[in-house]
Amino acid sequence: MLSAPIDKIQQIPLIHEIHSDEQHLLNTIDGEWFGILHHFHWQDYRQFGADYYNALYDFNQRSAQTTASKEANSETKAEARQRLLFDRVTAPILSDTSKSVLYQGDVVDLKSRDVTAADVSPGEVPLRLVGRKPKCFFGLLKAFIGTSLMGFPAEPEKVELLLKSNPAFARVCGFFHKNKKLNGYHYQQVPSLRKLEQFDQIMTDAGIWGRLKLTAVKANLATGVIQPEGELVGDTTHYHAYSSFETVLYLDEKEKEQKKSQSKPTKNCQCEDWNHCPHEWVLCDDGAGTIVKSGKKMIWGHKASIIGLPKQGVAIDAIAVADAATHDGQTFFPHVERVLGDHADLAQTVHRVLYDSACDDAELKLQFEETFGVELKASFNPRRSKAITQNLPRGIEKITPYGVPICLAGYGMDYQGIRYANETFIYRAPLGDDGLSVCVGCHQRPVCCNRSAQAGRTITVSFDTLKHIDANDPPMAKRFKAIMTRRPSVERMIKRLKCDLGDDRLSKRGNDSFQAYLDKTLISYHLLIRHLN
Ligand SMILES: [Zn+2]
């Protein structure tokens, strides 16, 4: 509680009282968010603050201008639907092959550059912004980061809810609640939902979220909070879209009718008559698409590509895929290219990249080798579902698509290596729990290894029988398996980002918002890693 004299002088904000309180809160509040926000190094963010205030100034100028009316747009909704379909990265007939499969933001360039880093600090708002004093950048930034640190999506509705319902949170961000003695607006009052939305929008449009993310990761690499590794691991993950889709019928190259699910066409204007107004039809949720999961399960959502460091289990980038319907195998290469371009220290150390079977492709492996001098190691994709049952050694019932021979007694044979001279793979019967070969005492001995001694059965299988397996890199080998044990670490990174610091159900539409959401989550994630280090 405030003591009476301080309560009367509103302009001196509560300095001593807050301090002792916050010390207490630091010790009592569960979770890391309070400590991170309390010890927030605002000095590191001054340039971003200046950029934000400049962008805010531009934004206010822009909204004051009225757009000149253009001629009516003659495109019908049905035509727009087709145009938008054939404009997608996953269009049935691709007209423009230079399109990036990864999201590329259209950053609004800053017009004004009057505010500089030296002009901004918490509670100190540059004066050139006419009208009411805007909300403090640092407070708003902390509010979004804190929301994510508490495990909620860093989106305006959630930020507002937490600021309003959690006084300690509002206060550590530098805001206070409405005071009856203070009539009307005060820049330090908890911001309204509209102001939070505007902040988020400006940060997104000006590309500040993206730059903040990059800075957070770079800082952690530069200070040794995370160490460069020799490997990168990647995967994609989906988020449920905040939109519905329609099924669009189209004619393919052979004039045959096909269908594809797509976001509905809409217009971003407030005009009453969309059929005759000058504005362009756009997808109401660009980037959303149908994602096919295992078991033919289909999800209407957005797709993100995640890249991280497997040994430390740290995600270092997350990027929206331009069209969620894009196949996983296509997103990894451009994403690795971007990450190595962003982080020169990683470009020095990375010699191998890991992915699941979506990237098990000889051409793609060659592309990685030739472009970056990096080995692409992907989980084995056998590209056949049936076991091999022809030309098998005696006593062997079948060989699985993954290259494991199964004997008549049902044991999987252990891979031993290659005999290059005869171009064969060598296998041996496994050892039982007693340390002896399972062949000892096996009832199939008469038709299998009747003559062999205690060592158990050894077989060879020719390369020709297992044509689909690359003899230079057989997936049955111990080395291959050892490397691939590091791949699933990316799944834990995804869980961190999707569940611990947010939600996999989006509350906004469009790839701009989706990328901003990923960026905000990653900023919080790296601040958390730094804090725990
Ligand atoms: Zn319009």
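Rules used in this analysis
Residues numbered from 1 in each chain as written. Predicted model: local features only at pLDDT ≥ 70, side-chain atom pairs only at ≥ 80, totals over all residues. Heavy atoms only, no water. Core = buried A, V, L, I, M, F, W, Y, C linked by side-chain atoms within 4.5 Å. Buried < 20%, exposed > 50% of the residue type's maximum accessible area, 1.4 Å probe, protein only. Helix = DSSP H or I, 4+ residues; strand = E, 2+ residues; numbered from the N terminus. Contact = heavy atoms within 4.5 Å. Phe/Tyr/Trp six-rings, centres within 6.5 Å; stacked < 30°, edge-to-face > 60°. Lys NZ or Arg CZ within 6 Å of the ring centre and 35° of its normal. Pairing = 2+ DSSP bridges. Right-handed = clockwise from strand over helix to strand, strands pointing away. Donors = N, O, S within 2.8 Å, 3.2 Å for Na, K, Ca; no water. Tetrahedral: all angles 85-135°; square planar, octahedral: opposite > 155°, others 65-115°.

(A) Seen up close, the nonpolar core. Within the largest apolar cluster, 120 residues are counted, with the highest numbers of intra-cluster contacts made by Tyr 52, Phe 137, Leu 141, Leu 163, Ile 316 and Phe 425. Looking at which element gives the most residues to this core, the answer is helix H16 (residues 511-532), with ten residues. Filtering out sequence-adjacent residues up to four positions away, Phe 425 remains in contact with Tyr 415, Gly 417, Ile 418, Ile 459, Thr 460, Val 461, Phe 463, Leu 466, Ile 469, Ala 471, Pro 474 and Met 476. By size, the runner-up hydrophobic cluster in this structure holds five residues, among which are Val 89, Val 101, Ile 319 and Ala 322.

(B) Up close: the packing of aromatic side chains. By the definition in use, this model includes 27 aromatic pairs. The interplanar angle of 80° and the centroid separation of 5.6 Å between the aromatic rings of Trp 33 and Phe 34 together place this pair among those described as edge-to-face. There is no split in this pair, since Trp 33 and Phe 34 are both buried. Taking 6.5 Å as the distance between ring centres and 45° as the angle between the ring planes, the aromatic pair formed by Tyr 45 and Phe 48 counts as tilted. A residue is classified by how much of its surface remains accessible, and Phe 48, at 9% relative accessible area, is buried. Taken together, Trp 42, Tyr 52, Tyr 53, Phe 137, Phe 138, Phe 144, Phe 199 and Trp 209 form an aromatic cluster joined through their ring pairs. It is Lys 498 that lies over the ring of Tyr 239; its NZ or CZ is 5.5 Å from the centre.

(C) Representation of the pairing of strand S10 (residues 375-378). Bridge analysis of strand S9 (residues 352-355) against S10 gives four bridges, and the strand direction is parallel. Within S10, the residue paired with Tyr 355 across the bridge is Ala 378. Read as a crossover between parallel neighbours, the route from S9 over helix H13 (residues 362-372) to S10 is right-handed.

(D) Spotlight on the coordination of the zinc ion. Protein-derived ligands of the zinc ion are Cys 269 (SG), Cys 271 (SG), Cys 277 (SG) and His 279 (ND1), with the metal-ligand distances lying across 2.0 to 2.3 Å. Between the four donor atoms coordinating the zinc ion, the angles at the centre fall across 104 to 117°, so the site counts as tetrahedral. For the zinc ion, the single-chain donor residues occur in sequence as C-x1-C-x5-C-x1-H. For the pair formed by Cys 269 and Cys 277, the shared burial category is buried.

(E) Highlighting the pairing of S9. Of the two faces of S9, the one carrying Arg 352 and Leu 354 and the one carrying Val 353 and Tyr 355 are both buried. Across three bridges, the pairing between strand S1 (residues 231-240) and S9 is parallel. The partner of Val 233 across the bridge, within S9, is Leu 354.

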